[in-house]
Amino acid sequence: MKDMDTQGYTTADGRKIGGVVMEMKNITLRFGGVMAISNISFDIREGEIRAIIGPNGAGKSSMLNVISGFYNPQEGEVIYKGQKRPQMKPYQVARQGIARTFQNIALFEGMTVLDNVMTGRIRQMNAGLLAQAIWKGKAEREETENREAVEKIIDFLEIQHIRKTPVGRLPYGLKKRVELARALAAEPSILLLDEPMAGMNVEEKEDMSRFILDVNDEFGTTIVLIEHDMGVVMDLSDRVVVMDYGKKIGDGTPDEVRNNQAVIDAYLGVAHD
Ligand SMILES: Nc1ncnc2c1ncn2[C@@H]1O[C@H](COP(=O)(O)OP(=O)(O)OP(=O)(O)O)[C@@H](O)[C@H]1O
Ligand SMILES: [Mg+2]
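In short, a report on the structure. Everything quoted here is computed from the prediction, not taken from an experiment.

Taking 1.5 Å per residue as the helical rise, helix α6 (residues 172–185) with its 14 residues ought to reach 20 Å, and the 20 Å between its terminal C-alpha atoms agrees with that figure. For α6, a buried count of 13 out of 14 residues is recorded, marking the element as mostly surrounded by other parts of the structure. Downstream of α6 by a residue or two, Glu 187 has a phi angle that is positive, lying close to 50°.

Below, the structure is given as structure tokens:
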């Protein structure tokens, strides 16, 4: 990989990629007899768009769930900012600046877009009930700050026109965008996206690709992305991990991965949605 060292490097399109921010070391995750992840290691650099690809059931979502603290692997270590991460609950991982979207949309259908995006601010809401009772000013100031941050993200993702619409009434593509907005509301330093473009038409995919690139570029957010559409993966990502049956079968730049025989074999004849 050209010019890549421990300090980082600059991409062909001028983006700065930093050093390693997260390291997955020999991760193994079993569900009963199922080996969802089998002794996988890879790293994530600051500011990069890191894709995880592989056929259905390869273990991609499981890997994202390990990163987000939703699953604790039976073996292996997660090193975050140079330190071994102890076993953590998802909310603790979120507090460290790691936000995610889900493969199956998880929004409050009856609530408006604005209120759904506000739920992403929980990490920033510090004034507890007691503080609110005895010191109204602090709570009000926080509320104003949260509103402003959320409105900024709503503008950024171009969903102002639906901010008062209940999510349940939105088409699928826009729901996915609202989910991205909610994740961004947490102002994460690492954003985990599980198939953000699944089920979208070509135009919706182009929009989502542009937003992902803009988030990365404008906020410097590190992005870990699971995606089946190879065109999208090859266009967006700096580096790609390839999984198959719980194992890592490739890791490198899009070009390196595309020419990797094990990857080609795994994909031959495998249908994707
Ligand atoms: N909570 C669970 N309990 C039991 N088995 C699970 C669980 N989650 C995942 N698995 C199994 O682990 C394996 C990997 O699943 P995972 O969802 O990580 O795959 P994936 O690569 O995300 O697939 P897809 O592309 O279909 O989303 C599969 O065999 C799956 O059935
Ligand atoms: Mg999955």
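Two quantities define a packed helix pair, namely the angle between the axes and the distance from one axis to the other. Two elements in contact, α6 and helix α7 (residues 202–219), have axes separated by 10 Å at closest approach and are oriented at 10°. By the criterion of interaxial angle, the relationship of α6 to α7 is roughly parallel. Contacts from Gly 173, Lys 176, Arg 177, Leu 180 and Leu 184 of α6 reach α7 at Glu 204, Asp 207, Met 208, Phe 211 and Val 215. Looking at the contact of α6 with α7 residue by residue, the classes come out as 5 nonpolar, 1 polar and 4 charged.

Taken in spatial order, the 6 strands make up an open sheet running β8-β9-β10-β5-β11-β12, and their pairing is mixed. Looking along the sheet, the strands with just one partner apiece sit at the ends: β8 (98–101) and β12 (247–252). The average undirected angle you get between the axes of adjacent strands in this sheet is 15°. Relative to strand β9 (residues 190–194), β8 is paired through 4 bridges, and the arrangement is parallel. Paired with Thr 101 across the two strands is Leu 193, which belongs to β9. On the sheet, helix α1 (residues 60–67) packs against β5 (49–53), β8, β9, β10 (222–226) and β11 (239–244) and is oriented at approximately 155° with respect to β9.

Around the magnesium ion (ligand 2), the protein contributes the donor atoms Ser 61 (OG) and Gln 103 (OE1), at 2.0 to 2.2 Å from the metal centre. Taken together, the residues Ser 61 in helix α1 and Gln 103 in the loop between β8 and α3 (113–118) connect sequence positions 42 residues apart.

Our next topic: the environment of Ala 181. Here Ala 181 lies in helix α6. Once the C-alpha coordinates of Ala 181 and Gly 120 are considered, the two residues, 61 residues apart in sequence, prove to be 8.2 Å apart. If sequence neighbours within four positions are ignored, Ala 181 has contacts with Val 117, Ile 153, Leu 157 and Ile 159.

This part covers the pairing of β11. Among the 6 residues that make up β11, 6 are buried, leaving the element largely enclosed by the rest of the structure. Alternating positions in β11 separate into two faces, Arg 239, Val 241 and Met 243 on one and Val 240, Val 242 and Asp 244 on the other, with burial throughout. For β5 and β11, the ladder comprises 4 bridges, and the chain directions are parallel. Looking at β11, one finds that Arg 50 is bridged to Arg 239. As paired strands, β11 and β12 are joined by 5 bridges and run antiparallel to one another. When the bridges of β12 are listed, Met 243 appears paired with Lys 248. Count of turn residues in the β11/β12 antiparallel hairpin: 2 residues, of which Tyr 245 carries a positive phi of about 45°.

The next subject is the environment of His 161. In this structure, His 161 sits in the loop between α5 (136–156) and α6. For His 161 and Val 113, which are 48 residues apart along the polypeptide, the C-alpha to C-alpha distance reads 10.0 Å.

What follows concerns the sheet that holds strand β6 (residues 75–80). Here we have 4 strands laid out as an open sheet, ordered β4-β3-β6-β7, and antiparallel in their pairing. The two strands at the open ends of the sheet, each matched to only one other strand, are β4 (34–45) and β7 (83–84). Where strand β3 (residues 20–31) and β4 come together, 8 bridges link them in antiparallel fashion. If you follow Arg 30 over to β4, its bridge partner there is Met 35.

What follows deals with the site of ligand 1. Inspection of the region around ligand 1 gives 15 residues, with Gly 57, Lys 60, Ser 61, Ser 62 and Gln 103 positioned closest. Within the side chain of Lys 60, an N or O atom sits 2.7 Å from an oxygen atom of ligand 1. When contributions to the shell around ligand 1 are tallied by element, the ones reaching two or more residues are β4 and α1. At 3 residues, the largest contribution of residues to the shell around ligand 1 is made by α1. For the shell around ligand 1, the residue count by class is 6 nonpolar, 7 polar and 2 charged.

The rules behind each value
Residues numbered from 1 in each chain as written. Chains lettered and ligands numbered in written order. Predicted model: local features only at pLDDT ≥ 70, side-chain atom pairs only at ≥ 80, totals over all residues. Heavy atoms only, no water. Helix = DSSP H or I, 4+ residues; strand = E, 2+ residues; numbered from the N terminus. Expected span 1.5 Å × (residues − 1). Buried < 20%, exposed > 50% of the residue type's maximum accessible area, 1.4 Å probe, protein only. Axes fitted to C-alpha atoms, helices over the stretch in contact; angles between N-to-C directions. Parallel < 35°, antiparallel > 145°, perpendicular 65-115°, else oblique. Contact = heavy atoms within 4.5 Å. Nonpolar A, V, L, I, M, F, W, Y, C, P; charged D, E, K, R; others polar. Pairing = 2+ DSSP bridges. Donors = N, O, S within 2.8 Å, 3.2 Å for Na, K, Ca; no water. Near = heavy atom within 4 Å. Polar contact = N/O pair within 3.5 Å; in protein donor to acceptor, adjacent residues only side chain to side chain.

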